[in-house]
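# Analysis of the macromolecular model
Residue-level listing of the chains:
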Amino acid sequence: MASAATTLPGFARHAHPAPRPGHERDAILANPGFGTAFTDHMVEIDYDAGQGWHDARVVPYGPIALDPAAAVLHYAQEIFEGMKAYRTGDGGIALFRPHANAARFNASARRLAMPELPEDLFVEAVRQQVLADSGWFPTVEGGSIYLRPFMFASEAFLGVRPSRAYKFMVIASPAGNYFKSGAPAVSIWVSEYTRAAPGGTGAAKCGGNYAASLVPTAEAFSRGHDQVLFLDAAEHRWIEELGGMNLFFVMADGSIVTPPLAGTILPGITRDSLIALAREEGLTVREERYALDQWRDDAASGKLLETFACGTAAVVTPVGKVADGHGEFVIGSGGPGQLTQKLRQRLVGIQRGEQADTHGWVHRIA
Ligand SMILES: Cc1ncc(COP(=O)(O)O)c(C=O)c1O
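Not measured: the values here are computed from a predicted model.

Moving on, we come to the side chain of N106. Inspection of the secondary structure assignment puts N106 in helix α3 (residues 98-111). Setting aside its immediate chain neighbours within four residues, N106 contacts E116, L117 and E119.

Peptide bonds are, in most cases, trans, and in most cases residues other than glycine have a negative phi. You will see that A76, though not glycine, has its phi angle at about 60°, which is positive. Its place among the elements puts A76 in the loop between α2 (72-75) and β5 (78-80). By relative accessible area, which is 37% here, A76 ends up partly exposed. Phi at H236 is positive, roughly 50°, even though this residue is not glycine. Secondary-structure assignment places H236 in the loop between β11 (227-231) and β12 (239-242).

Take the packing of aromatic side chains next. Two numbers describe a pair of aromatic rings. These are the distance of the centres and the angle of the planes. Taken as a whole and judged by the stated rule, the model has 14 aromatic pairs. Among the aromatic residues, ring-to-ring pairing joins F249, Y290, W295 and F329 into one connected group. Of note, R25 hangs over the ring of W136, and the distance from its end group to the ring centre comes to 5.7 Å.

Taken together, 16 residues form the shell around the ligand, and within it R104, Y210, E241, T270 and T312 come nearest. Take R104: an N or O atom from its side chain is 2.7 Å from an oxygen atom of the ligand. Contact between the ligand and T270: an oxygen atom at 2.5 Å from a side-chain N or O atom of the residue. The protein chains hide 95% of the 380 Å² of surface that the ligand would expose on its own. Of all elements in the fold, only α7 (269-280) and β16 (304-311) reach the threshold of two or more residues within the shell around the ligand.

Residues F122, V130, L147, M151 and F168 are the most contacted members of the largest nonpolar core, which totals 51 residues. Residue assignment places this core across two domains, with domain 1 (12-175) and domain 2 (186-351) each supplying three or more. Those residues within four positions of F122 in sequence are excluded, and the remaining contacts are E81, M83, P98, N101, A102, F105, L117, P149 and F168. With 23 residues, the next largest nonpolar core counts I188, V190, L231 and V319 among its residues.

A few words now on the pattern of salt bridges. Counted according to the given criterion, the structure contains 20 salt bridges. Here R127 makes a salt bridge to E124, at a shortest N to O gap of 2.8 Å. In this pair, R127 and E124 are both assigned in helix α4 (residues 119-132), 3 residues apart and thus about one turn of the helix distant. R161 serves as the salt-bridge partner of E155, at 2.9 Å between the closest nitrogen and oxygen. Assessed through its relative accessible area of 16%, E155 is described here as buried. One continuous salt-bridge network, built from bridges that share partners, spans E44, D46, R57 and K167.

Let us now look at the domain arrangement of the chain. Accessible area lost on assembly of the parts is the figure often given for the size of an interface. Annotation of the chain at the domain level lists domain 1 (12-175) and domain 2 (186-351). Once you take the C-alpha centre of each, domain 1 and domain 2 turn out to be 27 Å apart. Counting from both sides, the interface comprises 18 residues of domain 1 and, opposite them, 20 residues of domain 2. Roughly 1,600 Å² of surface becomes buried between domain 1 and domain 2 when both sides are summed, with 60% attributable to carbon and sulfur atoms. A per-residue breakdown of the area domain 1 buries against domain 2 is headed by F80, F96 and R104, which together make up 36% of the total. The interface formed by domain 1 and domain 2 includes 1 salt bridge. With a closest N to O distance of 3.0 Å, R97 and D272 form a salt bridge. At the junction of domain 1 and domain 2, the tally comes to 11 residue pairs in polar contact (both at pLDDT 80 or more).

On to the environment of A212. Along the chain, A212 falls in helix α5 (residues 207-212). Given a relative accessible area of 47%, A212 falls into the partly exposed group. Distance from A212 to R195, taken between C-alpha atoms, is 6.9 Å for residues 17 residues apart in sequence.

For the rest of this paragraph, the subject is the pairing of strand β4 (residues 52-60). Sheet faces and side chains relate simply in a regular strand, where the side chains alternate between the two faces. The buried count for β4 comes to 7 of 9 residues, which makes it a mostly enclosed element. Note: strand β2 (residues 11-13) against β4, 2 bridges, orientation parallel. Residue pairing for β4: R13 is matched across the bridge by V58. Examined bridge by bridge, strand β3 (residues 41-48) and β4 share 7 bridges and lie antiparallel to one another. In the strand pairing of β4, D46 is matched with H54. Counting the residues in the hairpin turn of β3 and β4 gives 3 residues.

The next point concerns α7. The end-to-end C-alpha separation of α7 is 17 Å, in line with the 16 Å expected for 12 residues at 1.5 Å each. Regarding α7, the residues found buried are I269, T270, R271, S273, L274, I275, L277 and A278. G282 sits one or two positions beyond α7 and adopts a positive phi of about 90°.

Take the packing of α3 against α4 next. Interhelical geometry of α3 versus α4 gives an angle of 120° and a closest axis separation of 9 Å. Put simply, α3 runs oblique to α4. Relative to α4, the crossing made by α3 is right-handed. On the side of α3, the interface is formed by P98, H99, N101, A102, A103, F105 and N106, while α4 contributes E119, D120, F122 and V123. By residue class, the composition of the contact of α3 with α4 is 6 nonpolar, 3 polar and 2 charged.

Conventions we followed
- Residues numbered from 1 in each chain as written.
- Predicted model: local features only at pLDDT ≥ 70, side-chain atom pairs only at ≥ 80, totals over all residues.
- Heavy atoms only, no water.
- Helix = DSSP H or I, 4+ residues; strand = E, 2+ residues; numbered from the N terminus.
- Contact = heavy atoms within 4.5 Å.
- Buried < 20%, exposed > 50% of the residue type's maximum accessible area, 1.4 Å probe, protein only.
- Phe/Tyr/Trp six-rings, centres within 6.5 Å; stacked < 30°, edge-to-face > 60°.
- Lys NZ or Arg CZ within 6 Å of the ring centre and 35° of its normal.
- Near = heavy atom within 4 Å.
- Polar contact = N/O pair within 3.5 Å; in protein donor to acceptor, adjacent residues only side chain to side chain.
- Areas by Shrake-Rupley, 256 points an atom, 1.4 Å probe, with all protein chains shown as cover.
- Core = buried A, V, L, I, M, F, W, Y, C linked by side-chain atoms within 4.5 Å.
- Domains from an automatic or database assignment.
- Salt bridge = Lys/Arg side-chain N within 4 Å of Asp/Glu carboxyl O.
- Buried area = accessible area lost by both parts, 1.4 Å probe.
- Pairing = 2+ DSSP bridges.
- Expected span 1.5 Å × (residues − 1).
- Axes fitted to C-alpha atoms, helices over the stretch in contact; angles between N-to-C directions.
- Parallel < 35°, antiparallel > 145°, perpendicular 65-115°, else oblique.
- Left-handed = near helix turned anticlockwise from the far one by under 90°.
- Nonpolar A, V, L, I, M, F, W, Y, C, P; charged D, E, K, R; others polar.

Here it is, written out as structure tokens:
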């Protein structure tokens, strides 16, 4: 990073006076895990009703001061995004569809009564963050820098109304494999709890959704599963999504089914990308409701060949086993299916600049 307090367009830059020592960083980069270690810098931008967004800056990573009455601590007025920076084969750095994250961030902001951040400012903030810490790419296969842009209500006020002050930040974490087991196919627990109801915040990426998913997720882990699956709130019948991923069902007739975006599930950017890639492969993609009972029957009859989950963190992950309070069933051979692997390779290939980016999804920043 350049010397302290040089100014790029709009962003002040303050280099960390004591970045993490090389040997510590190297140890992290050789075994990054997920979300436990953070890079040397972070981005902050402030908002208040009078000035709008102001004071964009890259600063040393560290604790932030917050008034104990800050609205976020009481009413959870907070939203976030999850995205990755990739090292490309030619040594460059790329983001994947960052404007899609910016647009979804603003959709979340509208639902949580928060101010929108101009999309270009969002993408520039992410770019600044990555360039400040470009020495933090993991040295492990499949490594990337996971980026966490987020915004929270910072006004000190206990009335229940939208805050008048906010902070937007970006932090970054070197990332390896998302699933603890690193298993080729994951095991899913179907929860009795509901994640989102019609008219609620299911389509927004707000912290509160995830707070409500912690008990069901812990339940899944304690039963030996990797992820939790939520059904719809009204009938407890239709498959919605996993705790942090969307789902796809690969049928023997060459079609793929994925639950529709009806306001209760997160509109995943990986989901959207895979729909496009699957159509390119000549598959019919149906965004339709799919019931748990049907899934079980189709897996048994062979009508369903594969199921996979997708999201930024774990990219494309095969589902091998599904369990609920009544029993369990296996998908296909219980391991990764052919189409799952093909789509995964295609998406990862595009993200890393190894395959043709026919959709203009790759956003080079270096
Ligand atoms: C609840 C939920 N669904 C789906 C996704 C997948 O979204 P994306 O593909 O944009 O990462 C995420 C992840 O980030 C998520 O938290």
